[in-house]
Number of protein chains: 2
Amino acid sequence: MSADRVSEIVTAGFVVIGDEILSGRTKDRNIGYLAEYLTAIGIELSEVRVVPDVEERIVEAVRALSSRYTYVFTSGGIGPTHDDITADSIARAFGVPIDHDPRAVAILKAFYPEGQLTEARLRMARIPQGAELIENSVSKAPGFRIGNVHVMAGVPSIMQAMLDAIAPTLRTGARMHSLAVDADLPESRIADALRRIQEAHPGVLIGSYPRSVDGRFSTQIVVRSRDTDLLERAAEAVRQAVGAATAA
Amino acid sequence: MSADRVSEIVTAGFVVIGDEILSGRTKDRNIGYLAEYLTAIGIELSEVRVVPDVEERIVEAVRALSSRYTYVFTSGGIGPTHDDITADSIARAFGVPIDHDPRAVAILKAFYPEGQLTEARLRMARIPQGAELIENSVSKAPGFRIGNVHVMAGVPSIMQAMLDAIAPTLRTGARMHSLAVDADLPESRIADALRRIQEAHPGVLIGSYPRSVDGRFSTQIVVRSRDTDLLERAAEAVRQAVGAATAA
């Protein structure tokens, strides 16, 4: 890996599209999955927005994140029903026409038995002009990429398959490594020490995450850095501080 | 309930604050909980943003949602450690000073044994000027409300307790009611009928949610409306369409 490559930071934004997430009827599982996936391959997820099935709101979120981050991913709203308006919204966000895409039509034709490619199903072949298709190994109807925006399905198994198809095309940066230290203490007992360790170790990020199990508080301290030597030194300082506080 | 009250729509935005959600290390459980809670009491969650522990990003998200929705809720970043920067960020978003709040100090003094109210723990009493405290029945350190923004903890059990404390103070609007119809069909089989039913029933929102279990696709159709008569009529049309498509 070249020095340039190590020092580059690649960022991403994620737009989750769907009334059902905002009403609470469906509990999102894609944010956590995408976050972990991108972190593992060296892309920093920097912002997530959840927006309803409303064209202007999708357009606004996609434009805002597209101009700010290396990549944007979206999930939801690319099925065959009237409430699936993501493809049209993305076309509008990029100011390009949208129509049935011959490559997508061919994929659906090959999948559905003769005579069953209904008008509703054909809707799934509507792709903004200039987009590349993203393979859907689960249920065939493709996602697409246009500019730096990757449009994926909302059903988790399909979103995950599309992400596997996209991953080899993504530029990745220096991976953020992390080490966790568990402390059987409420975080307020270790807070002063953590602040000092953070100040003494620029180039690492120290996060403190309280947990409550049956009313008993413990803390996980997570140390993150793109430099594994720095990371190990800071984590060791945290381990010592936790040991000292636990013994006190 | 007066007619005015029924017709009013009360909206909310939610800002989830925390590097740990964006790195995927912690899987958010607060979005789904808040969404369901607000829907149940007649507040429409209209947008969610997940942002990192970076002051300018918190300020930007809170300002954007505060000007757009009736209420804003935040979760995360109000603990005792150096990475807890939400209170200071909110003060900056509102352009007010922040300092140790005598009411919050009193709560912490009453909770911690003599001599154990450390500087780190006192940080949890830093509250923007002009804010009201939000009770924390779990671990005492309070949240706060300033303007239309409600600042809550990120630990789910504490966030939930704070929400219970806030709820009686919120203005609520006409509740969005919903009915679900399960179809043992892929959604493309019912899409044309749903579009016609949607067009024939303004005042209801019809959502179609595909599911995949062991490779088999089914669909849940969710009909939503603030008017229960309209809701029932549209749901009945959906039930008949699903019945016809299943028999076909």
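Not measured: the values here are computed from a predicted model.

Scoring rules and cut-offs
- Residues numbered from 1 in each chain as written.
- Chains lettered and ligands numbered in written order.
- Predicted model: local features only at pLDDT ≥ 70, side-chain atom pairs only at ≥ 80, totals over all residues.
- Helix = DSSP H or I, 4+ residues; strand = E, 2+ residues; numbered from the N terminus.
- Expected span 1.5 Å × (residues − 1).
- Buried ≥ 20, exposed ≤ 12 C-beta atoms within 10 Å, placed from the backbone.
- Arc of directions from axis to C-beta.
- Contact = placed C-beta atoms within 7 Å.
- Least-squares fit on C-alpha atoms with pLDDT ≥ 70 in both.
- Axes fitted to C-alpha atoms, helices over the stretch in contact; angles between N-to-C directions.
- Parallel < 35°, antiparallel > 145°, perpendicular 65-115°, else oblique.
- Left-handed = near helix turned anticlockwise from the far one by under 90°.
- Nonpolar A, V, L, I, M, F, W, Y, C, P; charged D, E, K, R; others polar.
- Pairing = 2+ DSSP bridges.

Here helix 3 (residues 30-41) of chain A is 12 residues long and its end C-alpha atoms lie 17 Å apart, about the 16 Å a rise of 1.5 Å per residue gives. Those residues of helix 3 of chain A that fall on the buried side of the exposure criterion are Asn30(A), Ile31(A), Leu34(A), Ala35(A), Leu38(A) and Thr39(A). All buried residues of helix 3 of chain A project into a common sector of 150° when viewed along the axis, lining one side. On its buried face, helix 3 of chain A is in contact with strand 1 (11-17), strand 2 (44-51), strand 3 (71-75) and helix 8 (156-166) of chain A together with helix 2 (19-22) and strand 2 (44-51) of chain B.

Another aspect to go through is the relation of the copies chain A and chain B. The two copies are related by a screw motion: chain A maps onto chain B through a turn of 180° and a shift of 0.0 Å along the axis, at an RMSD of 0.0 Å. In symmetry terms, the pair is related by a two-fold rotation axis. When each C-alpha of chain A is compared by its distance to the rotation axis, Arg49(A) comes out closest, at 2.2 Å. Both copies present the same face, since 100% of the interface residues in chain A are matched by interface residues at the equivalent positions in chain B.

Let us look at the environment of Ile206(B). Residue position: Ile206(B) is located in strand 10 (residues 205-213). Separated by 157 residues in sequence, Ile206(B) and Arg49(B) have C-alpha atoms that sit 25 Å apart.

All names here are of chain B. Between helix 3 (residues 30-41) and helix 8 (residues 156-166), whose axes approach to 11 Å, the crossing angle comes to 20°. On the basis of the axis angle, helix 3 is roughly parallel to helix 8. Between helix 3 and helix 8 lies a crossing whose hand is right-handed. Contact residues: Asn 30, Tyr 33, Leu 34 and Tyr 37 in helix 3; Pro 156, Met 159, Gln 160 and Leu 163 in helix 8. Here the residues of the contact of helix 3 with helix 8 sort into six nonpolar, two polar and no charged.

The subject of this paragraph is the pairing of strand 2 of chain B. For strand 2 of chain B, a buried count of eight out of eight residues is recorded, marking the element as mostly surrounded by other parts of the structure. In this sheet, strand 2 of chain B lies alongside strand 2 of chain A in antiparallel orientation, the contact comprising three bridges. Across the sheet, residue Val50(A) finds its bridge partner in strand 2 of chain B, namely Val48(B). Here strand 1 (residues 11-17) of chain B runs beside strand 2 of chain B; their pairing, made up of seven bridges, is parallel. Opposite Phe14(B), over in strand 2 of chain B, you have Val48(B) as the bridge partner.

Sheet architecture is open: 12 strands sit in the order 6(A)-7(A)-8(A)-3(A)-1(A)-2(A)-2(B)-1(B)-3(B)-8(B)-7(B)-6(B), paired in mixed fashion. Every interior strand has two partners, whereas the edge strands, strand 6 (132-134) of chain A together with strand 6 (132-134) of chain B, have only one. Within this sheet the neighbouring strands show an average axis-to-axis angle of 20°, counted without direction. As defined by bridge partners, strand 3 (residues 71-75) of chain B adjoins strand 8 (residues 149-152) of chain B across four bridges and the pair is classed as parallel. Each bridged residue has a counterpart across the sheet, and for Thr74(B) the counterpart in strand 8 of chain B is Val151(B). Packing against the sheet, helix 8 of chain B makes contact with strand 3, strand 6, strand 7 (143-146) and strand 8 of chain B, and its axis sits at approximately 145° to strand 8 of chain B.

Right, let's get into the interface of chain A and chain B. Facing the 51 residues of chain A at the interface are 51 residues of chain B. Sorting the residues of the side of chain A that touches chain B by element identifies helix 2 (19-22), helix 3, strand 2, helix 7 (119-122), helix 9 (191-200), strand 10 (205-213) and strand 11 (216-225) of chain A as the ones contributing at least two each. In terms of residue class, the side of chain A that touches chain B is built from 20 nonpolar, 17 polar and 14 charged.

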